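# Residue-level structural notes
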Amino acid sequence: MHADVFVSRRKALEEQLPDQSLTFLFAGIAKQKTLDMDYPFCVNRNYYYMTGFDKPNQFLMITKLDGSVKEWLFFDRPDPYLERYFGKMADKDDVLAKSGVHAAEYLDRFDWEIGRLLSRNNFEHVLFDFHKRELDTVRYPENDMCQRITDAYPNLQVGSITKTVNNLRRFKSQDELDCMRKAIDITAKGIAAIMDHLRDGVNEMELEAHFDFALKMNGAKDVAFDSIIAGGKNSNVLHYSDNNQVVHNGEVVLLDLGAEFGYYAADISRTLPVNGHFTDLQKTVYNAVLYGQQKVFAFLAPGKPVEDTLRIAREAIGEKLMEAGLIKQMDEMTRILPHGVSHYVGLDCHDVGDRELLAPGMVVTMEPGAYFPELGFGVRIEDDVLITENGAEYLSNQIPRTVEEIEAYMAAHK
């Protein structure tokens, strides 16, 4: 994305910052995996959203004094020794051109810059993107910085900008939608690869390997989240992750997976028959879930509460299951469909922001399901949907969804 995108995002944030404030967003740090290896670095998504940078050991600082805003990006000083091993490091010109910030400085200059700023100006607030989940002993960069600054300047009022940034992220620009459409297109190719290789006796991990291969062959660096490839009884485990069992004719395989492209996620679920044909019972349950998804899609529109989707899905699926004699009372649906149906999608698979009324530009999932451990299978169907001015638009219509579409595809590729 062009630097102007990130400039615009920062301006939207800065309009909501209090005057006389100092604000920090951190990229994060690499985590040690073993003696001389780190885990692949995963940039803090709020930092990426505001800067477009994805390297560790960086942070954005924004000052707002008497209505005047200045942006600083601090990062590692280029080191010829490290560049010999890991490639060229960004310099000040690179950072200024790619991010559009007002000033770029090396980390070893920060203490001098912050000391001068705090001693010469009347700051009242210091704000951080706090995102730590657990009360453990591992400190995050923003927590360390908060401690350092407030130890020296205890008069500053500490606050969080996390919610503000999260709510900005709910509304997707055209650039973001382009990345999400690409992620979904690549996911479609990955699901097609699974369908092409689905057969009696194949292992779930083989299917996962075909999915991963298709993603990388089509431009996705990684998956958006750990893939769920759940055959047979495993399809009733909502977040099944072993992906190591053999599947057999007569069973279904539940997929919940997605590619990541430009850090934007796809999140798609399909339930497939191993031999290419659903049994009558599987078809009944599948069509009930599909009917529930269709009812949710008809509901989605600006001004509608996203939380109502679970009720709508349970009522619609329950109606069909009762007609088929698979349940006797509607209250059984809390067991049959125990999870939520809609969440935001974006830079995170389960994207952030207050779950309020839907509005144009939001992207949400529709993922109703029905799970029957006693029958040996579960069904989930999930698609990503853009909220438009007048309703909603499927972003994943290219992926076979109905019983007829799935069976026809598998018959043509066996």
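Residues numbered from 1 in each chain as written. Predicted model: local features only at pLDDT ≥ 70, side-chain atom pairs only at ≥ 80, totals over all residues. Heavy atoms only, no water.

Okay, the overall build of the chain next. What the chain contains, in helices and strands, is 13 helices and 19 strands. Relative to the globule expectation of 22 Å for 414 residues, the C-alpha radius of gyration of the chain, 24 Å, shows essentially globular dimensions. For the chain, the C-alpha atoms occupy an extent of roughly 75 × 50 × 40 Å along the three principal directions. Sorting the 414 residues of the chain into buried and exposed places 51% on the buried side. For the chain, restricting intrachain contacts to residue pairs at least 6 apart in sequence, the fraction spanning at least 24 positions comes to 69%. Approximately 19,300 Å² of the chain is accessible, and the part contributed by carbon and sulfur atoms is 51%. Charged side chains of the chain number 45 positive and 65 negative; the gap between the two group centres comes to 2 Å. (Helix = DSSP H or I, 4+ residues; strand = E, 2+ residues; numbered from the N terminus. Rg over C-alpha atoms; globule rule 2.2 N^0.38 Å. Buried < 20%, exposed > 50% of the residue type's maximum accessible area, 1.4 Å probe, protein only. Contact = heavy atoms within 4.5 Å. Areas by Shrake-Rupley, 256 points an atom, 1.4 Å probe, with all protein chains shown as cover. Lys, Arg positive; Asp, Glu negative; His and termini not counted. Charge placed at Lys NZ, Arg CZ, Asp CG, Glu CD.)

Here we take up the packing of aromatic side chains. The relation between two aromatic rings is expressed through the spacing of the ring centres and the mutual angle of the planes. According to the stated counting rule, one finds 17 aromatic pairs in the structure shown. Ring plane angle 55 degrees and centroid distance 4.8 Å describe the contact between Tyr-48 and Tyr-263, whose orientation is recorded as tilted. With Tyr-48 in helix 2 (residues 45–51) and Tyr-263 in the loop between strand 12 (259–261) and strand 13 (264–265), this pair connects stretches of sequence that are 215 residues apart. Their ring planes at 40 degrees and their centres at 6.2 Å tell us that Tyr-85 and Phe-86 sit as a pair that is tilted. (Phe/Tyr/Trp six-rings, centres within 6.5 Å; stacked < 30°, edge-to-face > 60°.)

Among the structural elements, Ile-191 can be located in helix 8 (residues 174–197). Once the C-alpha coordinates of Ile-191 and Pro-400 are considered, the two residues, 209 residues apart in sequence, prove to be 9.4 Å apart. The contact partners of Ile-191, leaving out residues within four places of it in the chain, are Phe-211, Leu-255, Leu-257, Ile-268, Arg-270 and Ile-399.

Quick look at the sheet that holds strand 7 (residues 125–128) now. What links the strands of a sheet is backbone hydrogen bonding, and the strands pair in either a parallel or an antiparallel sense. The strand order across the open sheet built from six strands is 6-5-4-1-7-8, with neighbouring strands paired in mixed fashion. Looking at strand neighbours, the two that pair on one side only are strand 6 (103–106) and strand 8 (157–160), the edges of this open sheet. Neighbouring strand axes in the sheet, compared pairwise and without regard to direction, differ in orientation by 20 degrees on average. In the sheet, strand 5 (residues 68–75) pairs with strand 6 via four bridges, with the strands oriented parallel. Counted as the bridge partner of Trp-72 is Ala-103 from strand 6. Along the sheet, helix 4 (residues 92–99) makes contact with strand 5 and strand 6, crossing strand 6 at roughly 145 degrees. (Pairing = 2+ DSSP bridges. Axes fitted to C-alpha atoms, helices over the stretch in contact; angles between N-to-C directions.)

Take a nonpolar patch on the surface next. A contiguous nonpolar surface patch, about 540 Å² in accessible area, is contributed by Tyr-81, Leu-82, Tyr-85 and Phe-86. Here Phe-86 is to be found in helix 3 (residues 80–86). Judged by relative accessible area, which is 70%, Phe-86 ranks as exposed. (Patch = residues over 30% accessible without salt bridge, like charges linked within 9 Å, V, L, I, M, F, W, Y side chains within 5 Å. Salt bridge = Lys/Arg side-chain N within 4 Å of Asp/Glu carboxyl O.)

Pairing in this open sheet of three strands is antiparallel, and the strands run 10-11-14 from one edge to the other. The open sheet has two edge strands with one neighbour each: strand 10 (228–231) and strand 14 (268–273). Taken pair by pair, the neighbouring strands of this sheet meet at an average axis angle of 15 degrees, ignoring direction. As paired strands, strand 11 (residues 252–257) and strand 14 are joined by six bridges and run antiparallel to one another. Each residue of the ladder has a partner; that of Asp-256, found in strand 14, is Ser-269. Strands strand 10 and strand 11 of the sheet are contacted by helix 9 (residues 204–217), whose axis makes an angle of about 145 degrees with strand 10.

Time to look at the environment of Ala-324. Inspection of the secondary structure puts Ala-324 in the loop between helix 11 (308–323) and helix 12 (333–336). Judged by its relative accessible area of 42%, Ala-324 falls in the partly exposed class. With 40 residues separating them along the chain, Ala-324 and Thr-284 place their C-alpha atoms 7.5 Å apart.

This brings us to the layout of surface pockets. It is the rolling of a water-molecule-sized probe over the atoms that shows where space remains empty. The space that makes up the second largest pocket amounts to roughly 300 Å³. What lines the second largest pocket is a set of 18 residues, among which Ile-228, Leu-238, His-239, Asp-256 and His-350 lie closest to the centre. Across the lining of the second largest pocket, the residue classes break down as six nonpolar, seven polar and five charged. (1 Å grid on protein atoms, 1.4 Å probe; cavity = no way out; pocket = protein on both sides within 12 Å on 5 of 7 lines; lining within 4 Å. Points joined across faces, edges and corners; volume = space filled by probe spheres on them. Nonpolar A, V, L, I, M, F, W, Y, C, P; charged D, E, K, R; others polar.)

On to the pattern of salt bridges, then. Taken as a whole and judged by the stated rule, the model has 26 salt bridges. The network of salt bridges with common partners includes Lys-92, Glu-105, Arg-109, Glu-113 and Arg-116.

With that settled, consider the side chain of Thr-23. Tracing the chain through its elements places Thr-23 in strand 1 (residues 21–26). A relative accessible area of 0% means that Thr-23 is categorised as buried. Residue contacts for Thr-23: discarding those within four places in its chain leaves Leu-17, Leu-60, Met-61, Ile-62, Leu-127 and Ile-161.

Let us now look at the nonpolar core. Grouped together as the largest cluster of nonpolar side chains are 61 residues, with contacts concentrated most on Ile-194, Leu-198, Leu-255, Leu-300, Ile-317 and Leu-321. Tallying contributions element by element places helix 10 (residues 280–299) first for this core, with seven residues. The residues touching Ile-317, leaving out its near neighbours within four places in the chain, are Ala-288, Val-289, Gly-292, Met-333, Leu-337, Pro-368, Gly-369 and Ala-370. Of all hydrophobic cores here, the second largest spans 38 residues; its members include Met-50, Val-165, Leu-177 and Cys-179. (Core = buried A, V, L, I, M, F, W, Y, C linked by side-chain atoms within 4.5 Å.)

So far we have only geometry, and geometry alone does not tell us how the molecule works.
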